[in-house]
Amino acid sequence: MQRLKLFLPLIIFILMALLFLGVQWRVKNGEYSPTDLPSALINKPMPSFRLPTLDGGVFSAADLPAEPVLVNVWATWCPTCHYEHPFLMKLAEQGVKILGVDYKDDAQAAQQLLDEKGDPYFASVADQSGQLGLDLGVTGAPETYLLDAQGTVLFRYQGALDQAVWDKHFVPRLAELKTGAGK
Amino acid sequence: MIRSVIVFLALFFATASWAVIETYQFDNELQQQRYNAFIEELRCPKCQNQNLSGSDSEIAQDLRRQVHSMIMSGKSDIEITQYMLDRYGDFILYRPRFTAGTAVLWLLPAGLLFIGLIIWLRLARRRVNTAPVNTNLSDEERMRLQSILNEPSSDKQEGAK
């Protein structure tokens, strides 16, 4: 008993070290990011909005199609968004519906970029004031929200989408929506 | 000479004191105080540990503007807090509400203090019990002490009556 007490500090140290290493390991594997915030919007309806589109029209929350859509918050000033762009193009080719939210950006520059590099969005709204971003709880671009057919926010991803992120976070949720809809 | 003095003095200017970025107009002192309280108490969602007043990030600017416009349009403190909570969750409050999710934040320090107190009390009690009585008595003195303790003292009996 006395012996055990002698080693107690060491045992506590080892337990703490294992805990920290475990967290670090999960960060390294991309399972956990300390900067990611849980979205306050999960399982809540998409905030209502009515904004001008990049091509001169108007788009509101009511115009969202009755199927699962992605809402992608991006801007031309955001380097990670440029990195993400080719993957969004790929998703669009596969038939994924993506609404673009051009966040606090110059609409002309944004339209020009889409003209040059391709437009993955079925519609692009210009959120010049950042009000929709605020309502969405955006912390920075890029961010991507998954909405179901009823316009409920199911998931929010902070950072650039790529194949690994897509397979891990979006594919299972989309599959669930499909089987749910089939019933 | 004068130029080098100016350059030297310029080194003492704290650029950090210019960190306040925007100036907002308020109708009265109370609004100003509420605004300052909010930007001190609300955490910048983009930054890991900065409040709105300390951050120059885009989102912090937007939120400061939002707080200002909500104060000016007569929103109550509760309404403003709820607005922020609806969008950013408990993260945005430096003093989060007491919920199931934040209970550990609120209770852990008190719990650890309680455990520490118990351990301290137990250690202190044990020390009293096991404290050796250090007497520099020789064997002879000890025997005398023993005989004194054993013999029924008249004082004691009187005192007991």
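Residues numbered from 1 in each chain as written. Chains lettered and ligands numbered in written order. Predicted model: local features only at pLDDT ≥ 70, side-chain atom pairs only at ≥ 80, totals over all residues. Heavy atoms only, no water.

Going by the annotation in an unreviewed UniProt entry, the name recorded for chain B is Cytochrome c-type biogenesis protein, with Spongiibacter pelagi given as the source organism.

As recorded in an unreviewed UniProt entry, chain A goes by the name DsbE family thiol:disulfide interchange protein, listed as coming from Spongiibacter pelagi. Turning to chain A, the UniProt record has this under Subcellular location (unreviewed entry): "Cell inner membrane". Listed in UniProt under the heading Sequence similarities (unreviewed entry), the comment for chain A reads: "Belongs to the thioredoxin family. DsbE subfamily." (UniProt positions renumbered as here; feature names shortened; annotations may be inferred.)

(A) Highlighting the overall build of chain B. Helix and strand counts for chain B stand at 7 helices and 0 strands. Listing each helix as α and each strand as β along chain B from the N terminus yields α-α-α-α-α-α-α. Looking at chain B residue by residue over its 161 residues, the buried ones come to 24%. Relative to all contacts within chain B whose residues are 6 or more apart in sequence, the contacts with residues 24 or more apart total 49%. Here chain B has roughly 12,600 Å² of accessible surface; of this, 61% comes from carbon and sulfur atoms. (Helix = DSSP H or I, 4+ residues; strand = E, 2+ residues; numbered from the N terminus. Buried < 20%, exposed > 50% of the residue type's maximum accessible area, 1.4 Å probe, protein only. Contact = heavy atoms within 4.5 Å. Areas by Shrake-Rupley, 256 points an atom, 1.4 Å probe, with all protein chains shown as cover.)

(B) Seen up close, the pattern of salt bridges. Residues and elements named next belong to chain B. A complete count under the given rule lists 9 salt bridges over all chains for this structure. Where arginine 34 meets aspartate 77, a salt bridge forms, and the shortest distance between an N and an O atom there is 2.7 Å. Separated by 43 residues along the polypeptide, arginine 34 in helix α2 (residues 29-41) and aspartate 77 in helix α4 (residues 77-88) bring together distant segments of the chain. A salt bridge links arginine 65 to aspartate 62; the shortest N-O distance between them is 3.8 Å. With arginine 65 and aspartate 62 both in helix α3 (residues 58-72) and 3 residues apart, this pair spans about one turn of that helix. (Salt bridge = Lys/Arg side-chain N within 4 Å of Asp/Glu carboxyl O.)

(C) The arrangement of the state of the cysteines in detail. In total, this model carries 2 disulfides over all chains according to the counting rule given. Bridging Cys78(A) to Cys81(A), the disulfide has an S-S length of 2.1 Å. Looking down the S-S bond of the Cys78(A) and Cys81(A) bridge, the torsion is 90°, so its handedness is right-handed. Of the two residues, Cys78(A) and Cys81(A), both sit in the buried class. The residue that forms a disulfide with Cys44(B) is Cys47(B), at a sulfur-sulfur distance of 2.3 Å. Note on the Cys44(B) and Cys47(B) pair: the S-S dihedral is about 65°, so by sign convention the disulfide is right-handed. Here the two residues Cys44(B) and Cys47(B) agree in accessibility, since each one is buried. (Disulfide = S-S within 2.5 Å.)

(D) Representation of the interface of chain B and chain A in the model. The interface is formed by 17 residues belonging to chain B together with 17 residues belonging to chain A. Carbon and sulfur atoms make up 47% of the area that chain B and chain A hide from each other, which totals about 1,400 Å². Contact with chain A buries area across many residues of chain B, yet Gln48(B), Arg87(B) and Tyr88(B) alone supply 34% of it, more than any other trio. Connecting chain B to chain A are 3 salt bridges. Across the pair Arg87(B) and Asp135(A) runs a salt bridge whose closest N-O atoms are separated by 2.9 Å. Across the chain B-chain A interface, the total number found is 6 residue pairs in polar contact (both at pLDDT 80 or more). Those elements that place two or more of their residues in the side of chain B that touches chain A are α3 and α4 of chain B. A total of 6 residues in the side of chain B that touches chain A trace back to one element, the largest contributor, which is α3(B). (Buried area = accessible area lost by both parts, 1.4 Å probe. Polar contact = N/O pair within 3.5 Å; in protein donor to acceptor, adjacent residues only side chain to side chain.)

(E) Summary view of the UniProt feature "transmembrane region" (unreviewed entry) in chain A. Mapped onto the present numbering, the UniProt feature "transmembrane region" (unreviewed entry) falls on residues 6-23 of chain A. The distance separating the terminal C-alpha atoms of residues 6-23 of chain A is 28 Å; by composition the span is 100% helix and 0% strand.

(F) Molecular detail of a positive patch on the surface. Together, Lys5(A), Arg122(B), Arg125(B) and Arg126(B) give the surface a local cluster of positive charge. By secondary structure assignment, the location of Lys5(A) is in helix α1 (residues 2-28). (Patch = residues over 30% accessible without salt bridge, like charges linked within 9 Å, V, L, I, M, F, W, Y side chains within 5 Å. Lys, Arg positive; Asp, Glu negative; His and termini not counted. Charge placed at Lys NZ, Arg CZ, Asp CG, Glu CD.)

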